[in-house]
Amino acid sequence: MSGVLIHLPRGSGDAVTLRLGPGESARFGRGSETIPVELRLVDAAISRLAGEIRVTDDHWQLSNHSTTQSYLVENPEGAGEYLRVPPRRAGAPIPFEFSRVVLPTRGEATVAFQVFAPDHVYLDPAATGGSWGSPTVTAYSLDETAIYFLVLVALCEPRLRDESPVAVPTTPEIVDRLAGLPGCAQLTARAVSSHIDYLADEKTRISAPAETGPGRGPRRNGKREALVGLALRFGLVREEHLALLPPRAGGGEGAAPGRRLGK
Amino acid sequence: MQRPADASGSDRGEPLPPGHRVGGWEVTGPIGAGGWATVHAGRRAADAPPDPAGGVAGDPPGEVALKVLPTGGLAPRQARAIAESARREVELARRAGHPRLIRLLDSFVLSEPGHPYLDGAIVLVMERAERSLRDRLATPVTAAEGARLITGIIEGLAHLHRSGWVHGDLKPDNVLLMRDGSVKLADFGLATELTGTHGTHGYAPPMGTLDYLPPERRRAPLGEHGIQVRPSADVWALGIVIHEVFAGGAPPFPGATAMARAAAAQEYAEGRAALRTDHAVPPFWRELATDCLAPTHESRAAHTAETLLHRITAARAAEDPEAPTAEGPPSAAQASPHPPVRPLHRRARAALLAGAAVCGAAVALWPHGARDAAPAAARAEASGSLRVFNAEQGCRNRTDRNPRCSLGLAIDPLKAYTPDNVVATRVWDGEVLAVDCLLPRGMPIVDESDAVSVEWFRVRLPGDAARPTAWLPAVRTKDRPAVPECPRPTPVN
């Protein structure tokens, strides 16, 4: 458990990445000498103290200090799913693992930052449905409906299909593999790389081998190999998850390109 | 988006009907389901051979618990994880049996082609407990009962750690109470054998129960072999359990859900919130729980199951010489169908403790005017020397001065051996200390191998000008130097 991660991209202010533990909070707004803020948003339409993020339990709460403006919290993976936090609302709980907080401005452009809540817990898939008292759970639980999970399944696919004990797909291969899925049409190579970083650094906290060892070359895939190895070893990705991927072009499920008849 | 078929079929976790036969055993009723297994009450089937080949030696009791770990319908990797968990249980039972651990009587794999769900299921046959500590906590626990329960848990934990294992999932659900009231630890599916060069840690699958995971686990990296587990993780869980026992099952961290409490524990560990224990927890146990809940592995490492057991033994001897040991009164132990392995030894120890405490009480009546000879003695030549001995195997003949292997010296050998009665200087196995004299009757000390002694040596502390001498329990050396008897020390404070 590591709380939440806030990322403010460059443009609305300086690029900032903040990590907050449970009970910690961060204020956002235009800021001033007397009103310091942790996240400085440079836009004349935003108040000096626009709002506050506080981490509680495995999620976070958003307080809207504006007296006139509503803020939107979007789930970028939720096909339009969003929450509206009305003016002066204190501590609205945000249920999304990924969120984009959008503040209105006078112009066309909006100001937005991202909040990640990697601590969400999912019940163990192998559990026999005992009571939800004090269950033994997998410490690294993944949202099997998230795009990062699709990326992970795609990474593990060759190993799951016993095609190659070593091959781990490259980023462009993953982009191609997932392209047919709804919600993944816009997936860029950069997004895939961020999903892999998120899985490795926030969700599983793998202790990956050095990325720049001799012979590793520029592909920097030590992290991917470690991620695939651990996801399979500890059952985070299993054979049944292959059904999440689109059928392979030109071949039946499970048919490896090299083994396909009539090729 | 395509989704796999919902594999959480309703037959998973479905209890077996009474009368169902598994191996040489017959199901008599359901006990519960949780995690990956269902547990049933059972008994030996009437027509089964009296003692199965490969069964654990000893008379199998009439009533048993049958833990069924189904693997049917699972992906191969998942099934392997379950088999691995069962393997840990069997391995631990084979190598580290103890009266404080639930006995494994038999284990086998079911072959039931007619039941896809049962085919390939692993069955662990264990001695039958009356109920779990979790069930017991539904009704209030008296201070004496709580003390007995916790002492039993710590005895089991001390044995596990001494044998080189970490439980990994200590919680009231996994502490079982037998019909005679004795306490036994159960569920070793996440137990880990300590490896590493110095046997300080092991690797376990990244699993656990949120309410009982130490704060450092939430940032622990997942490595090739799993997650690093150390005995201090069990000590943290023990701290939670101690609190729960006295506070009617309430954990020390606030929150309506396990996630909320885990977050509160994290806040505490990061120094942003204080530990607020329930006032129902008696002061001695509150202090013990607080030490178990030291926020980091490093700060917790000083409190091992062994040192906690010493503190309990010392406190009990100081307070109430008639207090029963965790085994219960001797009559109860005799009535039990499974008497503890070393009943004579236990009773002997209790008698010794009681005797020693009576001596201590008598001594306390003596006038305290006797002059403490320590400063004068420190200036004189030492009378002899001794070599420090650590009963923990892994701590012998080492040169690294591992804090986990360090031994303490008391300030006052007549007072309870608690942290405020220990000098700052630590000693290690093999170290040679100068000795002034021997105190024949001090606070009784039990070491890791259950050896008891009330004798103490007054030893020199070379590097400590403020405190030239301290007291070493005689169980901490194998030597018996010919030294004079110490004068009765003046009580400190």
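Please refer to the structure higher up on the page.
Model, not experiment: these values are computed from the prediction.

Participant: Would you explain the overall build of chain B in this entry?
Facilitator: Counting its secondary structure elements, chain B contains 11 helices and 21 strands. Across chain B, every contact between residues at least 6 apart in sequence was considered, and the portion connecting residues at least 24 apart equals 65%. Summing over all exposed atoms, chain B offers an accessible surface of approximately 21,100 Å²; the carbon and sulfur share of this is 56%.

Participant: How should I be thinking about the overall build of chain A in this particular structure?
Facilitator: Of the regular secondary structure elements, chain A holds 4 helices and 12 strands. Scored against the burial criterion, the 263 residues of chain A give a buried share of 50%. In chain A, once contacts between residues fewer than 6 apart in sequence are set aside, the share between residues at least 24 apart is 52%. For chain A, the exposed surface amounts to about 12,300 Å²; the carbon and sulfur share of it is 52%.

Participant: Help me out: how do you make sense of the sheet that holds strand β21 (residues 469-473) of chain B in this one?
Facilitator: The strands making up a sheet associate through hydrogen bonds between their backbones, and the pairing can be parallel or antiparallel. All names here are of chain B. Spatially, 4 strands are ordered β16-β17-β20-β21 in an open sheet, and the strand pairing comes out antiparallel. Edge positions in the open sheet fall to β16 (384-387) and β21, since each of these has one partner strand only. For this sheet, the mean angle separating the axes of adjacent strands, direction not counted, is 50°. Pairing of strand β17 (residues 432-439) with strand β20 (residues 456-460), which is carried by 4 bridges, proceeds in the antiparallel orientation. From the neighbouring strand, L439 faces β20, where its bridge partner is W456.

Participant: Even after reading the chapter, I still don't get the pattern of salt bridges, so can you show me in this structure?
Facilitator: Any two side chains of opposite charge can pair if their charged atoms end up close together. Residues and elements named next belong to chain B. Going through the model one piece at a time under the given rule, you end up with 37 salt bridges over all chains. Close ionic contact of E84 with R87 constitutes a salt bridge, the shortest N to O distance being 3.2 Å. In this pair, E84 and R87 both sit in helix α1 (residues 76-95), 3 residues apart, roughly one turn of the helix. Relative accessible area serves as the criterion here: at 44%, R87 is assigned to the partly exposed category. Two residues, D169 and K171, come together in a salt bridge whose shortest N-O distance is 3.9 Å. Counted as one network, the salt bridges with shared partners bring together E91, R94, R95 and E193.

Participant: Mind showing me how you'd approach the nonpolar core here?
Facilitator: Burial of nonpolar side chains together is a common tendency in soluble globular proteins. Core analysis: the biggest nonpolar cluster contains 47 residues, and I153, I154, L185, L238, I242 and W285 of chain B have the highest contact counts within it. With 9 residues, the top contributor of residues to this core is helix α4 (residues 231-246) of chain B. When residues of this core are assigned to domains, at least three map to each of domain 1 (21-128 + 346-351) and domain 2 (131-329) of chain B. The residues touching I242 of chain B, leaving out its near neighbours within four places in the chain, are I150, W285, L288, A289 and C292 of chain B. Within the second largest apolar cluster, 42 residues are counted, among which are V168, V192 and Y198 of chain A together with L222 of chain B.

Participant: Is there a simple way to think about the packing of helix α1 (residues 147-160) of chain A against helix α2 (residues 171-178) of chain A in this case?
Facilitator: The description of two packed helices rests on the angle between their axes and on the distance between the axes. All names here are of chain A. Contact pair α1 / α2: the axes reach a minimum separation of 10 Å and the direction vectors enclose 110°. Relative to α2, α1 is oriented roughly perpendicular. Every pair of crossing elements has a handedness; the one defined by α1 and α2 is right-handed. Contact residues: L150, V151, A154, L155 and E157 in α1; I174, R177 and L178 in α2. Taken together, the residues of the contact of α1 with α2 break down into 6 nonpolar, no polar and 2 charged.

Participant: Help me out: how do you make sense of the state of the cysteines in this one?
Facilitator: Here, the word disulfide means a covalent bond between the sulfur atoms of two cysteines. All names here are of chain B. The final tally for this structure, using the stated rule, is 2 disulfides over all chains. Paired by a disulfide, C395 and C405 hold their sulfur atoms 2.0 Å apart. For the disulfide bridge between C395 and C405, the dihedral angle about the S-S bond is near -70°, and by the sign convention the bridge is left-handed. Linking C395 in the loop between β16 and β17 with C405 in the loop between β16 and β17, this pair joins segments that are 10 residues apart in sequence. Take C395: its relative accessible area is 4%, and that puts it in the buried class. Note that C437 is cross-linked by a disulfide to C486, the S-S spacing being 2.0 Å. In this structure the cystine formed by C437 and C486 twists about its S-S bond by roughly 100°; its chirality is therefore right-handed. Here C486 lies in the segment after β21 and C437 lies in strand β17, a separation of 49 residues in the sequence. Residue C437 is classed as buried on the basis of its relative accessible area, which comes to 4%. Taken in sequence order, the bonded cysteines of chain B link in the pattern 1-2, 3-4.

Participant: Explanation requested: helix α3 (residues 143-162) of chain B in the structure shown.
Facilitator: Each α-helix turn comprises 3.6 residues. Residues three or four places apart therefore point the same way. Residue and element names in this part refer to chain B. The end-to-end C-alpha distance of α3, which contains 20 residues, comes to 28 Å, matching closely the 28 Å that a straight helix rising 1.5 Å per residue would cover. Of all 20 residues making up α3, 16 are buried, and the element is well covered by its neighbours. G164 sits one or two residues past α3 and shows a positive phi near 90°.

Participant: How should the packing of aromatic side chains be read in this particular structure?
Facilitator: Aromatic rings considered in pairs are described by the distance between their centres and by the relative angle of their planes. Going through the model one piece at a time under the given rule, you end up with 12 aromatic pairs over all chains. Between F284 of chain B and W285 of chain B the ring centres are 5.0 Å apart and the planes differ by 85°, which places this aromatic pair in the edge-to-face class. Judged by relative accessible area, W285 of chain B falls into the buried class, the value being 8%. An aromatic cluster is present here, built from F98, F116, Y148 and Y198 of chain A joined pairwise through their rings. Stacked on the ring of W25 of chain B, the Lys or Arg R44 of chain B has its end atom at 4.1 Å from the ring centre.

Participant: Whenever I open this one, the sheet that holds strand β10 (residues 183-185) of chain B confuses me. Can you help?
Facilitator: All names here are of chain B. Here we have 3 strands laid out as an open sheet, ordered β7-β9-β10, and antiparallel in their pairing. Only two strands of the sheet have a single partner each, and these edge strands are β7 (131-132) and β10. By the bridge criterion, 2 bridges tie β7 to strand β9 (residues 175-177) in an arrangement that is antiparallel. Bridging from a neighbouring strand, S132 pairs with L176 of β9. Contacts from α3 reach β9 and β10, with the element oriented near 35° to β10.

Participant: Sorry if this is basic, but what is going on with the side chain of R177 of chain A here?
Facilitator: All names here are of chain A. When you line up the elements, R177 lands in helix α2. Assessed through its relative accessible area of 17%, R177 is described here as buried. Among the polar contacts listed, one links the side chain of R177 to the side chain of E157, at a separation of 2.7 Å. Within the structure, the side chain of R177 is placed 2.9 Å from the backbone oxygen of P246, a separation counted as a polar contact.

Cut-offs used in this document
- Residues numbered from 1 in each chain as written.
- Chains lettered and ligands numbered in written order.
- Predicted model: local features only at pLDDT ≥ 70, side-chain atom pairs only at ≥ 80, totals over all residues.
- Heavy atoms only, no water.
- Helix = DSSP H or I, 4+ residues; strand = E, 2+ residues; numbered from the N terminus.
- Contact = heavy atoms within 4.5 Å.
- Areas by Shrake-Rupley, 256 points an atom, 1.4 Å probe, with all protein chains shown as cover.
- Buried < 20%, exposed > 50% of the residue type's maximum accessible area, 1.4 Å probe, protein only.
- Pairing = 2+ DSSP bridges.
- Axes fitted to C-alpha atoms, helices over the stretch in contact; angles between N-to-C directions.
- Salt bridge = Lys/Arg side-chain N within 4 Å of Asp/Glu carboxyl O.
- Core = buried A, V, L, I, M, F, W, Y, C linked by side-chain atoms within 4.5 Å.
- Domains from an automatic or database assignment.
- Parallel < 35°, antiparallel > 145°, perpendicular 65-115°, else oblique.
- Left-handed = near helix turned anticlockwise from the far one by under 90°.
- Nonpolar A, V, L, I, M, F, W, Y, C, P; charged D, E, K, R; others polar.
- Disulfide = S-S within 2.5 Å.
- Expected span 1.5 Å × (residues − 1).
- Phe/Tyr/Trp six-rings, centres within 6.5 Å; stacked < 30°, edge-to-face > 60°.
- Lys NZ or Arg CZ within 6 Å of the ring centre and 35° of its normal.
- Polar contact = N/O pair within 3.5 Å; in protein donor to acceptor, adjacent residues only side chain to side chain.

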